[in-house]
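Spelled out from the first residue to the last, the chains are:
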Amino acid sequence: MPQDRVTRRPERREYRGGRCLVPEIGHLGWTRITRADRRLTAHIHVNAYELCYIVKGSVEWWAGQSIHEVRGGQIYLTRPGEPHGAVDALMHPSELYWVQIRPAAGARVGRLLRGCQQWRAFDAGRRVPEIFEQMLREHAERRPGGRAMVRGLLAELLVLTVRAHQEQSARAASNGGGPQQRAASAPVRAALDWMDAHWREDYRISDLARRVELSPSQFHALFLRQTGFSPAELRL
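Residues numbered from 1 in each chain as written. Predicted model: local features only at pLDDT ≥ 70, side-chain atom pairs only at ≥ 80, totals over all residues. Heavy atoms only, no water.

Quick look at the overall build of the protein
Okay, so step 1: When its secondary structure is counted, the protein shows seven helices and eleven strands.
Okay, so step 2: With 236 residues in all, the protein has 46% of them scored as buried.
Okay, so step 3: Taking the intrachain contacts of the protein between residues at least 6 apart in sequence as the baseline, contacts between residues at least 24 apart amount to 71%.
Okay, so step 4: Of the roughly 12,000 Å² that the protein leaves accessible, carbon and sulfur atoms contribute 50%. (Helix = DSSP H or I, 4+ residues; strand = E, 2+ residues; numbered from the N terminus. Buried < 20%, exposed > 50% of the residue type's maximum accessible area, 1.4 Å probe, protein only. Contact = heavy atoms within 4.5 Å. Areas by Shrake-Rupley, 256 points an atom, 1.4 Å probe, with all protein chains shown as cover.)

Encoded structure:
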């Protein structure tokens, strides 16, 4: 399937690759699923965060070793290089937006989203679906100033996401709640961050192991255990 494409169907709108107005966005879309027969198998985004917003319905998604039910009005966040998909690869009836964001194309993106470690799914305000719809409209209409508009909307979306995550953490702290899952270890997180920032470069896994101060065998075992993929698989 070509990387640069735009698809317009009654139940799906999407833009990816060269059809996206700004390099920070790798894939932007909306879909409405009317029956539980679409498949979402295990996959990764090596160099991109993915933000999904559920408008209606609910979905059962997994990331790493955790399973989450995400309901209407919530954001779901996956991180670069993180295996994820739908439970049993089955998508339930729902309506949702998504955007894949490349931190390598904008350093502030990585700094903002790197702070969202505690919660996977969290409530978001009414403005979030409006931002997604405006970004899709700008992509469809291709008006003068569209790139600047999309960058502004994306920045607003990121700020609202970070604030929503902070509010979820504050609510959990007041109720005695804790995080949904343990974050990856420091060496694995450092390796993912480096891979994320240098995804265009050619490098050896042994060099990456040295960067995080592990032997190649130690690094491979730790990385595989915590991500479900080998470093070489994610590099591809």
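Some thoughts on the packing of helix 2 (residues 127-141) against helix 3 (residues 146-174)
Okay, so step 1: Viewed as axis vectors pointing N to C, helix 2 and helix 3 meet at an angle of 160°, and their least axial separation amounts to 10 Å. Here helix 2 is positioned roughly antiparallel relative to helix 3, judged by the angle of their axes. Crossing hand, helix 2 versus helix 3: left-handed. Two secondary-structure elements touch here, helix 2 through Arg127, Val128, Ile131, Phe132, Gln134, Met135, Glu138 and His139 and helix 3 through Gly146, Met149, Val150, Leu153, Leu154, Glu156, Leu157 and Leu160.
Okay, so step 2: Looking at the contact of helix 2 with helix 3, its residues break down into ten nonpolar, three polar and three charged. (Axes fitted to C-alpha atoms, helices over the stretch in contact; angles between N-to-C directions. Parallel < 35°, antiparallel > 145°, perpendicular 65-115°, else oblique. Left-handed = near helix turned anticlockwise from the far one by under 90°. Nonpolar A, V, L, I, M, F, W, Y, C, P; charged D, E, K, R; others polar.)

Remarks on the packing of aromatic side chains
Okay, so step 1: Taken as a whole, this structure holds three aromatic pairs when the rule is applied.
Okay, so step 2: Ring geometry for Tyr97 and Phe132: centres 5.2 Å apart, planes at 15°, overall stacked. Residue Tyr97 is located in strand 10 (residues 94-101), and its partner Phe132 is located in helix 2; the two are separated by 35 residues in the primary sequence. The two residues Tyr97 and Phe132 agree in class, both being buried.
Okay, so step 3: With a centroid separation of 4.9 Å and an interplanar angle of 90°, the aromatic rings of Trp194 and Tyr203 are classed as edge-to-face.
Okay, so step 4: Residue class for Tyr203 comes out buried when judged on its relative accessible area of 11%. (Phe/Tyr/Trp six-rings, centres within 6.5 Å; stacked < 30°, edge-to-face > 60°.)

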